[in-house]
Amino acid sequence: KSEPFIDDFDDGNHNGWTVSGTWSAANGYVTRTSAPFGAFYRSQSDRDIDLRFRFRLPNAGDELNMYLRYVDANNGTFLDLADNDVRIAKKAGGVWTDLVNNTGVDLAPGTWYTVRALCAGAHIRVWLGEDGGPLELILETSAAPTTNPTRLIFQSPDNTAFHVDD
């Protein structure tokens, strides 16, 4: 097991993270500051994790993508948080497969949300709630690949943005 890692970005930097693209933590949270695609990640070899973070989508149509378990460019377990479409998917041998999705989650632009993702073996559960409110289970699967990961990655698709904190 790895030691817990906490970064609230209040120091105005994203030290400890590797970035591709242009990112800033100047406002106490991380956001991509230029298009097109970008990612920030940490090396992470534990497949069983209890991840907690806050995020907001600044504009309608934005989304947050992240690999909960990134193995390589062709393999991993993925969490997508977009308005009215949240999902857990796997990529195996370069082929994407949705494991579970929920089209009933309303993510209002500009609102901060808290996420908890608990990955234990093939079982992944994701909770979501407005900042300061209770968390509600929104996704659950028992079909996630258990391949040992190499990274935990937050990524921003072309022409979208998100803010991540804590």
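What counts and how
Residues numbered from 1 in each chain as written. Predicted model: local features only at pLDDT ≥ 70, side-chain atom pairs only at ≥ 80, totals over all residues. Heavy atoms only, no water. Salt bridge = Lys/Arg side-chain N within 4 Å of Asp/Glu carboxyl O. Helix = DSSP H or I, 4+ residues; strand = E, 2+ residues; numbered from the N terminus. Buried < 20%, exposed > 50% of the residue type's maximum accessible area, 1.4 Å probe, protein only. Pairing = 2+ DSSP bridges. Axes fitted to C-alpha atoms, helices over the stretch in contact; angles between N-to-C directions. Phe/Tyr/Trp six-rings, centres within 6.5 Å; stacked < 30°, edge-to-face > 60°. Lys NZ or Arg CZ within 6 Å of the ring centre and 35° of its normal.

Draft legend 1. Here's a closer look at the pattern of salt bridges. The tally for this structure, following the rule as stated, stands at 6 salt bridges. Residues D48 and R69 are paired through a salt bridge, measuring 3.7 Å at the closest nitrogen-oxygen approach. Of this pair, D48 sits in the loop between β4 (38–43) and β5 (49–56) while R69 sits in strand β6 (residues 63–72), and the two are 21 residues apart along the sequence. A relative accessible area of 1% places R69 in the buried class.

Draft legend 2. Focus on the pairing of β6. Taking burial as the measure, the 10 residues of β6 include 9 buried ones, the bulk of the element. Pairing between β6 and strand β7 (residues 75–82): 8 bridges, direction antiparallel. Counterpart to N65 in the pairing with β7 is D80. Connecting the antiparallel pair β6 and β7 is a turn made up of 2 residues.

Draft legend 3. Spotlight on the sheet that holds β7. With respect to topology, 7 strands assemble into an open sheet ordered β1-β4-β13-β6-β7-β8-β9, the strand pairing being antiparallel. Of all the strands in the sheet, just β1 (18–20) and β9 (95–102) have a single pairing partner and so form its edges. Going across the sheet, the axis of each strand differs from the next one's by a mean of 20 degrees, ignoring polarity. Sheet topology note: the β6/strand β13 (residues 151–156) ladder contains 4 bridges and is antiparallel. Following the sheet pairing, Y67 is matched in β13 by I153.

Draft legend 4. Inspection of the packing of aromatic side chains at higher detail. Enumeration over the complete set of coordinates arrives at 9 aromatic pairs. Between the aromatic rings of W17 and F154, the centroid separation amounts to 6.1 Å while the plane-to-plane angle is 65 degrees, which identifies the pairing as edge-to-face. With W17 in the segment before β1 and F154 in strand β13, the pair connects residues that are 137 residues apart, well separated along the chain. Just as W17 is buried, F154 falls in that class too. Plain terms: the ring middles of F53 and F154 are 5.2 Å apart, the flat faces sit at 90 degrees to each other, and that makes the pair edge-to-face. Of the two residues, F53 is situated in strand β5 and F154 in strand β13; the sequence distance between them amounts to 101 residues. Assessed through its relative accessible area of 4%, F53 is described here as buried. Taken together through their ring pairs, the aromatic side chains of W17, F53, F55, Y113 and F154 make up a single cluster. It is R56 that lies over the ring of Y29; its NZ or CZ is 5.0 Å from the centre.

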